[in-house]
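Understanding the architecture of this molecule
What follows is each chain in one-letter form.
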Amino acid sequence: MGRASPSADGDPQCPAPLGDKRGAMSRSRGIITLAVLAAIALLYLPVRHAGFVWDDLLNFQQMPWLRTGDQWKQIIFRGYNDWAYYFRPLIIAFFTLQIRLFDDAPGPMHLVSLAMHLLNTFIVGLLALRLRAACGRQDDGLERWLVPALPMLFFGLHPALVEAVVWVGCQFELALTLFILLALLANLSIKSQLFRAIVVGALFFLSALSKESAVCFPLLLLCQDMLLARDAASNGFARRMMSFVRERGGIYMACAIAGLIYLGLRQWALGRINPLAQVHVDVLTNLQQACFLYLRYWALAIVPSGLNPLHPALPYPPEHLTALSGLIDVAAISIVIGAIILAVRRRSPAAISVLAFSVAIAPALHLGSINFDGSTYHERYAMLAIAALAVFVPTAFSRWPFATSNRVVSVVPAVACLAWLATSILALITVIPLWSSNLRLWEWALAVNPHAEEAKAMLFNAYDAAGRTSDARHLADRIMSDPVPCDKCVVNVANFALDQGDLALASTALDKVQASRQLRYDPRMLHSYLFGRARWLLATGQIADGKAMLTMTIEGDPTDPQPYAVMGSVLLREGNADEAERYLSKARALTLP
């Protein structure tokens, strides 16, 4: 047997025990993990001073759904934000808890979102580390610290996730990602098949109660199981399937049971399982839109650019097949089919990583459905897919490119990673303040999309709420003269003009929107129109008609305090003090303290 070489002072140099090496490695990785989390927290820390944006102003401040009384018990199941398609009771209940615990202050709710993001980032790193080890990847030297550091940095600092982290209303995305990551971690870590199946099924159920995109989880779980499968890819298909069912079948059975329970609750709450069953789907249009969005999300994940709250249009009409759209269709379909073939036949970790991203992003591609708002895509929808990339891609490298003996081969990826991190940090420093202020958010959105209806309407409301009357008036003139129609904006202009005493502008705006088809299917816009018309009738001396219109307004939405306040004032002027007090009391009860 060989002997240990003597040291300079004559004592033999004994190798450190294996346990000591592993302990030192764990401590080093722990320090790096804490450092990465601290850096991400520091960059996002300004959100503690951020306000509510977009729908948060309505849901958390203007409407009494969650902040007072017991209405939240019904709202968590149906009717939140006038939703007809979504069933997300877990996070709506979580919103209710935060609003009442923090007295409707946005700062603490932003810190909750940040804490969820940091937790997701930590799990991404831990899951990437364990999945890489489970695939037999051995790291030494500098490589030991690349995982979990690189996956955590990629996910935690990704600019596309600013929307989901800084917009409080996106805690749906954060919770969905959290539960699915925990389920993947449980599938990897729990040894007992029964306990593993129970935990994974329960986490899948929680993810479904957070957001409908959880439907992708069973396929994402399958991607992980393909990496973990111990039988050789050369074994016959039947033998491999029998082995898979024997080892993993219980988990998928648990997921099926959880899915059925969820669908039963959804049917009870919404009266339907598939809200789009009666929607006509144009196959060519949906296919071309899905292919474009698939490649766009890939570009967004790898080289994040073009960030904005709104993305209203595709660069080509998806209902027509053109040379450009055909090329995009072929590219997207080829990526998916190629990944499936390589994953099934060769069990390629790189191909499985592509499949994991594809599965996670599939719910955002509008396959077989309609768009739910004016944008074709949103950055927040990419959160789970970006997490999947961060977790699965490290398994594709037997040795990291940084550790090769070829200096050029090792330097180029290192420089690319550093450049990506630098640009991402700059993007975060730039974009986080924009998402922290409703006014700055919509100024940014309108600057990039000058004809977007949502941007004009939201910025107009932001100017009005901030008391910037001259800016609101300038935007009102722009809206009224814009050749691109914006009926929602015109309704807002009408109510603004009534506040300013400009009855001529109010009349013009109300007459312009009266024939809008949007009034038939947008209850919130109809409510604003009826309230504006009632105020105009009262201001022009048509008291009886104005009171009748106010009654219609209140019946349409009994949670808005403004019509009650106006009706109370009218009754008070008429000398009907008792009836006036009844309306004014209702208005006070619905108004945020």
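It should be noted that the structure appears before, not after, this text.
Presented here is an overview of the structure given in this document. Since we're looking at a predicted model, the values are computed, not measured. (Residues numbered from 1 in each chain as written. Predicted model: local features only at pLDDT ≥ 70, side-chain atom pairs only at ≥ 80, totals over all residues. Heavy atoms only, no water.)

Let's talk about the packing of helix 12 (residues 283-302) against helix 13 (residues 323-346)
In plain terms, the rule: Comment: axis = line fitted to C-alpha atoms, over the contacting stretch for helices; angle = value between 0 and 180 degrees taken between N-to-C directions. Working definition: helices are DSSP H or I runs of at least four residues, strands are E runs of at least two. Numbering for both runs from the N terminus. Orientation is classified from the angle alone, with under 35 degrees giving roughly parallel, over 145 giving roughly antiparallel, 65 to 115 giving roughly perpendicular, and any other angle giving oblique. Crossing handedness is read from the near helix: turned anticlockwise from the far helix by less than a right angle, it gives a left-handed crossing, and turned clockwise, a right-handed one. Contacts are residue-level and defined by heavy atoms, with any inter-residue pair within 4.5 Å sufficient. Amino acid classes used here: Ala, Val, Leu, Ile, Met, Phe, Trp, Tyr, Cys and Pro are nonpolar; Asp, Glu, Lys and Arg are charged; the rest, including Gly, are polar.
Taken N-terminus to C-terminus, the directions of helix 12 and helix 13 make an angle of 65 degrees; their axes are 9 Å apart at the nearest point. As judged from the angle between their axes, helix 12 and helix 13 are roughly perpendicular. Once helix 12 is placed against helix 13, the crossing between them reads as left-handed. Between helix 12 and helix 13, the residues in contact are Leu287, Gln288, Cys291, Phe292, Tyr294 and Leu295 and Ser325, Gly326, Ile328, Asp329, Ala331, Ala332, Ile333, Ile335 and Val336, respectively. Its residues placed into classes, the contact of helix 12 with helix 13 shows 11 nonpolar, 3 polar and 1 charged.

What about the state of the cysteines?
Test applied: In this description, the term disulfide denotes a pair of cysteine sulfurs within 2.5 Å. Any residue under 20% of the maximum accessible area for its type is buried, any over 50% is exposed, and the rest in between are partly exposed; the area is computed with a 1.4 Å probe on protein chains only.
In total, this model carries 1 disulfide according to the counting rule given. Between the sulfur of cysteine 486 and that of cysteine 489 lies a disulfide, 1.7 Å long from S to S. Linking cysteine 486 and cysteine 489, the disulfide has an S-S dihedral of approximately 55 degrees and is accordingly described as right-handed. Cysteine 216 carries a free sulfur, and the closest cysteine sulfur to it, the one in cysteine 223, is 9.7 Å from it. Judged by its relative accessible area of 5%, cysteine 216 falls in the buried class.

Brief notes about helix 21 (residues 503-514)
What sets the pattern is the α-helix's 3.6 residues per turn: residues three or four places apart point alike. Counted only if it meets this: By definition here, a helix of n residues has an expected span of 1.5 Å times n minus one.
If you check helix 21, its first and last C-alpha atoms are 16 Å apart, about what 12 residues at 1.5 Å a residue would give, namely 16 Å. Listing the buried residues of helix 21 in full gives Leu505, Ala506, Ser507, Ala509, Leu510 and Val513. Where helix 21 is buried, its residues touch helix 19 (469-481), helix 20 (487-500), helix 22 (518-521) and helix 23 (523-539).

Some words on a nonpolar patch on the surface
The condition is simple: Think of a patch as exposed residues, more than 30% relative accessible area, with no salt bridge, where like charges cluster within 9 Å and nonpolar side chains (Val, Leu, Ile, Met, Phe, Trp, Tyr) cluster within 5 Å. The accessible surface values rely on the Shrake-Rupley method and a 1.4 Å probe; as for residues, cover is taken only from the protein chains in view. Between Lys or Arg on one side and Asp or Glu on the other, a salt bridge is scored when a side-chain nitrogen of the former is within 4 Å of a carboxyl oxygen of the latter.
Nonpolar side chains collect at one region of the surface, where Met253, Ile257, Ile261, Leu265 and Trp268 lie side by side and expose about 510 Å² of accessible area between them. With respect to the helices and strands, the residue methionine 253 is situated in helix 11 (residues 237-270).

Points about the packing of helix 24 (residues 543-556) against helix 25 (residues 561-573)
As a packed pair, helix 24 and helix 25 sit with axes 10 Å apart at the nearest point and diverge in direction by 150 degrees. The orientation of helix 24 relative to helix 25 falls into the category roughly antiparallel. For helix 24 against helix 25, the interelement crossing comes out left-handed. Counted together, Ile543, Lys547, Leu550, Thr551, Thr553 and Ile554 of helix 24 and Pro563, Tyr564, Val566, Met567, Val570 and Leu571 of helix 25 form the full contact between these two elements.

Focus: the environment of tryptophan 167
Among the secondary structure elements, tryptophan 167 is positioned in the loop between helix 7 (162-166) and helix 8 (171-189). Overall, the relative accessible area of 7% leaves tryptophan 167 in the buried class. For the pair tryptophan 167 and aspartate 56, spaced 111 residues apart in sequence, the C-alpha to C-alpha distance is 8.1 Å. Setting aside its immediate chain neighbours within four residues, tryptophan 167 contacts Val53, Trp54, Asp55, Asp56, Val162, Arg380 and Trp435.

Focus: the pattern of salt bridges
Counted by the stated rule, this structure contains 16 salt bridges. The partner of aspartate 477 in a salt bridge is arginine 473, with the nearest N and O atoms 3.6 Å apart. Of this pair, aspartate 477 and arginine 473 both sit in helix 19, 4 residues apart, roughly one helical turn. Lysine 547 is the salt-bridge partner of glutamate 574, the closest N and O atoms lying 3.0 Å from each other. With a gap of 27 residues between them, glutamate 574 in the loop between helix 25 and helix 26 (577-590) and lysine 547 in helix 24 connect regions that are remote in the sequence. Each member of the salt-bridge network shares a partner with another, and the members are Arg88, Glu212 and Arg266.

Remarks on the nonpolar core
One broad rule of soluble globular proteins: the nonpolar side chains tend to lie buried together. Stated precisely, the cut-off is as follows: Put simply, a nonpolar core is a bunch of buried Ala, Val, Leu, Ile, Met, Phe, Trp, Tyr and Cys residues held in one set by side-chain atoms that sit within 4.5 Å of each other.
Counting 181 residues, the largest nonpolar core has Tyr44, Tyr297, Phe392 and Trp435 as the members making the most contacts within it. Sort the elements by how many residues they give to this core and helix 8 lands first, with 13 residues. Setting aside residues no more than four positions away along its own chain, tyrosine 297 makes contact with Phe357, Ile361, Ala364, Leu365, Tyr377, His378, Tyr381 and Ala382.

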